[in-house]
Amino acid sequence: MSTRSRLKPAWSYGLPRRRFLQLGSGLVGAAALAACGSGAGSSGPSSSGAPVPSSRVGGRVRMAFGGDAGNSNISLDPGSPNRVYEALGALYGYLTQQGMDGQPMPDLAVKWSSNETADQWTFSLRQGVIFHNGQPFTSADVVYTFRRTLDPATGSGALGVLAPYLDPAGITAPDPATVVFTLKRPQADWPTMLYAYQLGIVPQNAGATIGTTGVGTGPFILTSFNRDGGQVSLRFNPNYWRGRPQLDGLDLILIPDASARTNALLAGQVELIYAGLVSVADAMRIKATSGLATWEVPSGYWNSLSMRCDAEPFTDVRVRQAFKAVVDEDQMLAQMVQGHGKPAGNNPVGLIDPYRLTQPTPKPDIAKAKQLLAAAGHPDGLSITLDTSTVAAEFSPLTQTFQQQAAAAGIRVTINQHDPKTYWNQFLTKGLFYTNLWGPRPAAQLLNEAFLSTSKRNESRWASPALDTLIGQAAASTDVTARTQLYHQAQQILVEESGSIIPIQVNVIRAGSAKLRNFPGRADGRPDYVTLATEE
């Protein structure tokens, strides 16, 4: 019996009712993915995966993506800081993927288990998988990918996720179908750390060319890549382990500006906007246009006003707390997304994440903000420049609303708009006070990647030994109740002291042709590139 014939259809796994209700109507009609996972000390899922039906609709879909236009370093390397994010799920496979219930599910790994102390994890790999270049996928490719990610010269954002737990020597391959991670310290949620988008598996020794070849095990194969023009063309992979994708191909087109992406969809130049988030105002225009549709999914997406904590005036925690105290999150919710989201309370952990610390929505306290500023040496308030761009639809209402709210406490904000083509390279982790956005991540990955003191992705360069200790203690705990409590303590410190103002978590609004089928396909609003289809 072939590997493919043993696979169960995706719909045979079902979707837990509680999770379905959390997702809301935005996922009605979307393909359900397998949902299974494991905790430390127990065996992981042994399912052999979820293929798509053998029939297909065919056709091509043009997708608008964002990024820095004219950047000669734009890359298909999943480890590159200039990667084309929207192409990664089409080109690459991962050891694990996030299931519809938020738990890890099989991808290139079919099962996993840990020892009792959660500092050694063994993964059994899917057999019979081949790369786009015909090379068989083996454990040697996994070892190479992870060791390459751990090399600072690669520049991968996942370095901050892996390095606290893993050294290059800690990745071993006892046989072609098995990988063992021997960690420097325990991590009870290790399988959830491995679906970081930067951890797409690349062929052994492909580092020098992967940025232009995009050779992976994913459902689509690269046919052309125009770096300067910002275009990526893909065709279906006839040998994909889940079966043939339903589309013939994909064309990804770089459009850095959010409004320009909407206009391209309205003009029929693209069939799908998959870059940042579609604004509510644009969504209303799109819904009113014949032949177009929108999809909305609650998620862990969040925008932030990032205060660089290693530079004045934000080295003083009282200044950071004053900036947070002026925020009216209910007003932010109304102004930014017209209610399509939830107040975040300066907490980046997803609202439906099992480790989320639930607290009442903070209310603005102008008197407290003034007192904090005075105590920090700013009795007359202070002036600050807020750097931003139109790269994300929410940035304009976010900055304008904060400017108005902060004025009551004597915080004089000058908004400085920048070219969306170069904004991220110019300000990400470098700006003094700037707008940023993050996609949903499980708590263990998020806290390590965005807030651990040693992470290169630490957006505000905030260093908290107390937070670092709690993250480590939580990772080491194999008791889920104790681990949850530790993560709650970490979030409390983050809310009170970090350099990130996080007023709301926004619903994912995607927009595209009404002819699209099986979209979004994933719980976080991303497409499942295998089941994504379109009418002819």
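Here the structure is shown first, and the text comes after it.
Everything numeric here is computed off the predicted structure, so don't read it as measured data.

(A) Geometry of helix 11 (residues 329–337). All of the buried residues along helix 11 are Glu329, Met332, Leu333, Met336 and Val337. Projected down its long axis, helix 11 carries its buried residues within an arc of 100°, all on one side. Tucked into the core, helix 11 has its buried residues touching helix 9 (280–287), strand 12 (292–307), strand 13 (341–343), helix 13 (395–407) and strand 18 (504–513). Between the side-chain oxygen of the N-cap and the backbone nitrogen of aspartate 330 there are 3.2 Å, and the N-cap of helix 11 in question is aspartate 328. A positive phi of about 50° marks glutamine 338, the residue just after helix 11.

(B) Summary view of the nonpolar core. Grouped together as the largest cluster of nonpolar side chains are 94 residues, with contacts concentrated most on Leu95, Phe146, Phe181, Trp190 and Leu250. Here the element with the most residues in this core is helix 15 (residues 443–451); it accounts for six residues. When neighbours within four sequence positions are excluded, tryptophan 190 is seen to be in contact with Trp121, Phe123, Leu162, Tyr165, Leu166, Phe181 and Leu183. Counting residues in each nonpolar core, the second largest holds 46 residues, with Phe314, Val327, Ile384 and Ala409 among its members.

(C) Highlighting the pattern of salt bridges. On inspection of all chains with the given rule, the structure shows 15 salt bridges. Two residues, lysine 363 and aspartate 330, come together in a salt bridge whose shortest N-O distance is 3.1 Å. Separated by 33 residues along the polypeptide, lysine 363 in the loop between strand 13 and helix 12 (366–375) and aspartate 330 in helix 11 bring together distant segments of the chain. The class of lysine 363 is exposed, set by a relative accessible area of 56%. Overall, the relative accessible area of 39% leaves aspartate 330 in the partly exposed class.

(D) Focus on the pairing of strand 10 (residues 249–254). Among the six residues of strand 10, five are classified as buried, and the element is accordingly described as predominantly covered. Alignment of strand 1 (residues 60–65) against strand 10, held across six bridges, turns out to be parallel. Its bridge partner lying in strand 10, arginine 62 is registered against aspartate 251. Here strand 9 (residues 231–236) runs beside strand 10; their pairing, made up of five bridges, is antiparallel. The partner of arginine 235 across the bridge, within strand 10, is glycine 249.

About the criteria used
- Residues numbered from 1 in each chain as written.
- Predicted model: local features only at pLDDT ≥ 70, side-chain atom pairs only at ≥ 80, totals over all residues.
- Heavy atoms only, no water.
- Buried < 20%, exposed > 50% of the residue type's maximum accessible area, 1.4 Å probe, protein only.
- Helix = DSSP H or I, 4+ residues; strand = E, 2+ residues; numbered from the N terminus.
- Arc of directions from axis to C-beta.
- Contact = heavy atoms within 4.5 Å.
- Polar contact = N/O pair within 3.5 Å; in protein donor to acceptor, adjacent residues only side chain to side chain.
- Core = buried A, V, L, I, M, F, W, Y, C linked by side-chain atoms within 4.5 Å.
- Salt bridge = Lys/Arg side-chain N within 4 Å of Asp/Glu carboxyl O.
- Pairing = 2+ DSSP bridges.

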